[in-house]
Each structure stands twice: as structure tokens, then as C-alpha cells.
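# Examining the three-dimensional arrangement
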Amino acid sequence: MRAVITVVGKDTVGILSGVSEVCAHNGINIIEVSQSILQELFCMIMLVDMEGATVTFSDFSDELKAMGREKNLQIHAMHEDVFNTMHHV
Amino acid sequence: MINTRDILETIQMIENENLDIRTVTMGISLLDCCCDDIDKSCGKVYDKITRLAERLVPEVDAIEKEYGIPIINKRIAVTPVAMLTAASGGDPVKYARTLQKVADTVGVNFIGGYSALVQKGFSAGDEALISSIPEALACTQNLCSSVNIGSTKAGINMDAVALMGKVIKRSAELTKDDNCIGAAKLVVFCNAPEDNPFMAGAFHGPGEPECVINVGVSGPGVVRAALSKIPGADIAEVADTVKKTAFKITRMGQLVATQAADRLGVPFGIVDLSLAPTPAVGDSVAHILEEMGLEQCGAHGTTACLALLNDAVKKGGTMASSHVGGLSGAFIPVSEDAGMIDAARSGCLTMEKLEAMTSVCSVGLDMIVIPGDTPADVISAIIADEAAIGMVNSKTTAVRLIPAIGRSGGEELNFGGLLGSGPVMKINTASPAKFISRGGRIPAPLQSLKN
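Calculation criteria
- Residues numbered from 1 in each chain as written.
- Chains lettered and ligands numbered in written order.
- Predicted model: local features only at pLDDT ≥ 70, side-chain atom pairs only at ≥ 80, totals over all residues.
- Heavy atoms only, no water.
- Helix = DSSP H or I, 4+ residues; strand = E, 2+ residues; numbered from the N terminus.
- Expected span 1.5 Å × (residues − 1).
- Buried < 20%, exposed > 50% of the residue type's maximum accessible area, 1.4 Å probe, protein only.
- Phe/Tyr/Trp six-rings, centres within 6.5 Å; stacked < 30°, edge-to-face > 60°.
- Lys NZ or Arg CZ within 6 Å of the ring centre and 35° of its normal.
- Pairing = 2+ DSSP bridges.
- Axes fitted to C-alpha atoms, helices over the stretch in contact; angles between N-to-C directions.
- Contact = heavy atoms within 4.5 Å.
- Buried area = accessible area lost by both parts, 1.4 Å probe.
- Salt bridge = Lys/Arg side-chain N within 4 Å of Asp/Glu carboxyl O.
- Polar contact = N/O pair within 3.5 Å; in protein donor to acceptor, adjacent residues only side chain to side chain.
- Parallel < 35°, antiparallel > 145°, perpendicular 65-115°, else oblique.
- Left-handed = near helix turned anticlockwise from the far one by under 90°.
- Nonpolar A, V, L, I, M, F, W, Y, C, P; charged D, E, K, R; others polar.
- Core = buried A, V, L, I, M, F, W, Y, C linked by side-chain atoms within 4.5 Å.
- Right-handed = clockwise from strand over helix to strand, strands pointing away.

### Description of helix α15 (residues 376-393) of chain B
Residues and elements named next belong to chain B.
- For α15, with 18 residues, the first-to-last C-alpha span of 26 Å sits near the 26 Å given by 1.5 Å per residue.
- Those residues of α15 that fall on the buried side of the exposure criterion are V378, I379, S380, A381, I382, I383, A384, E386, A387, I389, G390 and M391.
- Where α15 terminates, the next one or two residues include S394, which has phi positive at roughly 50°.

Shown next as C-alpha cells:
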């Protein structure tokens, strides 16, 4: 399965590397990254492939959420299908 | 890749606007559990439901985690228990206790189907079941009961209407130390849908398959938020915005429904496209109506706004799901909706206005607290009025009233959780006793002759 990770919060050093590191040590491949900064608010969207993941999706999602709390960021990981279903006819 | 704006919109809906899947309800037929010994029959009921629903809660929890969509309730709906009572005889409360035991074992929030369908008259088992409802609801926590007393095809069974007034009152009396909660788990229908996933009215109709997954969506907060972004728009644009939002909400329901059905190896039944409020701030249908431009829900104009909302939800949702059913529309349960509670407290929302609103909403007089000393025949007359609206308009109407035993105007009942709290509403108590005591059946209207 593929998942979409969104990160929203105040721009600080090391957000991208932090999230990438969580993906890497769980064997999750990053396919695409887009990021923008809107009025100091950092917003990053990542598409990842869970094929080779060494953890379950829910553990991965919990780990990202925990990191988000630590760095004061809102991080969500959701199944790609949620967005495809909701926004594509 | 998916559009960034779309992704953020979805996250916003879930995080800040209370978008959730309200319920995944498994419908189970119990017709093959009937036998002439009630204890054997109860044993079969327990075995069958626990076998089929064993994985319901864990699988739905897994979907919730994997997709990141909150799924609030997992429920079971069964064949109307009056049908089992017809075959087995005996005290129907035994079935109630069995179903409670099932709910405890499989971990569902509610189990519905302590029901009887008596729109045209009572058959074996029906009267025994209806009379046992107060006791059944008092001795269980998670059981829900419903009785269908009328339909467009059959007319209104006034004997059942008279009986239900007493049953509602008795249900409240037996649970008076627990906020009269018994009456909150009992709903009286006209034109009851057989595939409704929402409680308290869910049951698994006799025309349904062996086992099926039905899903109810929610999302009043999302609709309100979408409308708040177009403050000056004309009313057609308002309707369009509701339609688009309902489409997105329903797509989410369709995704969860097909996933749940696949994983449980059970056919997918329907998605119920309902805007179901909760008492949480930001999850109110009344606030949508207020966003459309009313000072408070209950003001003149409320019925028109609700009609628009109900219709637009259906139009938007229909295309988003392969099968639509259940109640589908906007719910207006007073105690479960923060905006309705406020409007009822301030006196802006009255019983008469609520009745008018039910002619265009998807359900009926729902979760309304009435004075505890209301005579049973007045409750029956309220049911008759509501059923007449459903019968003539070929729509589902329902009555879920909670007589607040020992309390009167100005006081409140607090059920907690999704059931919320509500002020005792003023009702007209001029006596309909003679009308109710006549009994018999109101003939089906001309609308029933469609063949």
C-alpha cells in the first residue's frame, strides 16, 4: 500500500530529515515529496510506499505522531486510498 | 500525486470538523434460530451472532487505524425478535438478556432488533414482545428496541399507537433513577427502513440477506465549515456546496463499507447518507441551519433551510455510493445536537416547530425530553401525528420521546455520551383520549395505490 504523510507546523531545522529518518529505519520508501512555506507555516506532503515496511502501518503512524508532539508539528499518515476516493470521481 | 489542497482539506475535516464514520453495523438474520423452545432458541441466537460478529470489532478497529478515519460505533442489527417469539413463545425478555450477553462478548456499542412490525396488525409474538419492552430495556444496557406502527401501504395501526404511548411511559418509569434512559433506547416508526444502521431504530428486516454490512456516515461539522466559507452566496450556491461536501463525506463511508465487507467476508449492503450530529461543539445540524442565515434554529425559515439541506445531502451522496439506503438525510435529535439543545433551552425551538421540521427531515421527533407527567394518550397522539406525516409523504418518520419522570419544565435530563442532554420541552396536553381509545386502523392513503 501507499500512504500520504502530511506535516504542518512552524518551520524549524530538521523537519524533513526527521520524518525521512523515521521512514528509513522502518524500511519505508519515499516516492515523492512536496513542501511549501506559507507565512512561516511549514507544510510538507510525502507519498511513501509501505511495501518493504518492517512495522505495521499503525505503529508507523503512532511513531510519526509521537515525533510530531515532540517537535510541535501536526503529523498525519493516512492510506492513499482515502484521498483518491474522496477527491476523484 | 494528489492535489495538496485536497489532502489538507481531508485532514482538516477529520482533525477540526469532526468528520467520522458514525457506525459500521452488521445485520444478521436470526430466522434459522427459531425453534419451539425459547431456551434452545436463545442458545442458537447467542452462537450464531457471536460466530458471525466475532471479528467485527477488531477488523473495524484495524480499518480505523489503517485509513486514519475515526469510526465511532460498531453495532449489530438482528431480525425483529417478535418473529422469534412467534415461534418459540415464552418470555421475550430472555432474548433481551441473550442479546445483552452477545453485546458484552463481541464488544459492540449497541445491538438493535428488539422489534416488532405491526403496521397492519398484531401477529403471534408481537403483543408479548411489545409489552415486554420496558422490562427488556431496563434490564439491559446496550439493547435497542423499535416498533413499526404504520406505513404508506398499510395505514396506521391505532391499537399499536395506543399501546406504544403506555410502553414509552413505562420504559421511562422503570429507568427513572438512570435519567429515564429506557425510553431513549426505544423508537416508534412509520415506514421503518429494513437496512437502517443507526440506533435506536436498527433492525435486520425480513427481506435482508443472511448477513450484511451497512455503514452510516456523519459530518455536520464539515458541512457547516464549508458553508462558513461562502457567507454572501445565493441559496443555489449553498445547496451546491452542501452537495459537494456530502459527496466527499459519503465517499469515505463507501470506502469503509467496502473494506469492512471485504475483510469480514460479508456482502456490503448500503451506505446511509446521514448527517448525524453529536453533542460535541462543531458537530451540529442546527448550526448548519444557522450558518444558512437563521438567528437560531427554530426561527421561521428553519423548515425551508432543513428541506434544502436534506435534499442536497441526498443529491450529493447518491452518486458517491453504489448502494444508498437506511434513513439518508439530516437527523434532528434534540438532545444529541448542541445547537438544538441551546435552541430548546432558549424557547426558540418548540415542539410544534420540530413537528413541522420532521416533514422534511430524514427521521422524526427524535430524542425529545417531555414532562414526566404527560399522559400516555398524549404520547400516543404525538406518535399518531408523526406517523400521519410519514404515511402521507411516503417517508420514514419516527418518535423517540423521553418522559422525564418526576421532572417538569425548566429541568433537564443528562444521558451523557452521544445521547447528550436535553431540557424538558413544553407540550400541548389538551386531551386526545377519546381519539386514541377508538382503536382500529387509519386506512392507507391514496398514495399507496401506485400499481
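### Regarding the packing of aromatic side chains
- On inspection of all chains with the given rule, the structure shows 1 aromatic pair over all chains.
- Here the guanidinium or amino end of B:K101 rests over the ring plane of B:Y46, the centre of that ring lying 4.8 Å away.

### With respect to the sheet that holds strand β4 (residues 73-79) of chain A
All names here are of chain A.
- An order of β2-β3-β1-β4 is seen for the 4 strands of this open sheet, with the pairing classed as antiparallel. Edge positions in the sheet fall to β2 (29-38) and β4, since each of these pairs with one other strand and no more. Each strand axis lies, on average, 15° off the axis of its neighbour in the sheet, ignoring direction.
- Contacting β1 (2-10), β2, β3 (41-49) and β4, helix α1 (residues 15-25) crosses the sheet at an angle of about 20° to β3.
- Across the sheet, helix α3 (residues 80-87) touches β1, β3 and β4, and the angle it forms with β4 is around 80°.

### Quick word on the interface of chain A and chain B
- With 26 residues of chain A at the contact, the number on the chain B side is 24 residues.
- Between chain A and chain B, the buried area comes to about 2300 Å², and carbon and sulfur atoms account for 74% of it.
- A per-residue breakdown of the area chain A buries against chain B is headed by A:T85, A:M86 and A:H87, which together make up 27% of the total.
- At the boundary of chain A with chain B, the tally comes to 1 salt bridge.
- Measuring nitrogen to oxygen at the nearest pair gives 3.2 Å for the salt bridge that ties A:D62 to B:K65.
- In this structure, the connection of chain A to chain B is made through 5 residue pairs in polar contact (both at pLDDT 80 or more).
- Looking at the side of chain A that touches chain B, the element that brings in the most residues is α3(A), giving 8 residues.

### Describing the packing of helix α2 (residues 38-52) of chain B against helix α5 (residues 93-106) of chain B
All names here are of chain B.
- Look at α2 against α5: their axes get within 10 Å of each other, and the N-to-C directions meet at 20°. In terms of axis orientation, α2 runs roughly parallel to α5. For the pair α2 and α5, the crossing hand works out as right-handed. Across the interface between the two elements, I38, D39, S41, C42, V45, Y46, I49 and T50 from α2 touch K94, Y95, T98, L99, K101, V102, T105 and V106 from α5.
- Counted by class, the contact of α2 with α5 contains 9 nonpolar, 4 polar and 3 charged residues.

### Things to note about the nonpolar core
- Ranked by internal contacts, the top residues of the largest apolar core, which has 146 residues, are B:V24, B:I49, B:L56, B:I76, B:I149, B:I213 and B:L309.
- With 12 residues, helix α10 (residues 235-264) of chain B is the single largest residue contributor to this core.
- Residue contacts for B:I76: discarding those within four places in its chain leaves B:T25, B:M26, B:I28, B:I49, B:A53, B:L56, B:V106, B:V108, B:F110, B:I111, B:G112 and B:M199.
- Core analysis: the next-biggest nonpolar cluster, separate from the first, contains 20 residues, A:I15, A:F57, A:L64 and A:I75 among them.

### What about the pairing of strand β3 (residues 110-117) of chain B?
Residues and elements named next belong to chain B.
- Burial analysis of β3 places 7 of its 8 residues in the buried class, the great majority of the element.
- As paired elements, strand β2 (residues 71-78) and β3 share 3 bridges and run parallel to each other. When the bridges of β3 are listed, R75 appears paired with F110.
- Where β3 meets strand β4 (residues 143-151), 6 bridges bridge the pair, whose relative direction is parallel. Bridged to A116 within β4 is V147.
- Handedness of the β3-helix α6 (residues 126-138)-β4 crossover: right-handed.

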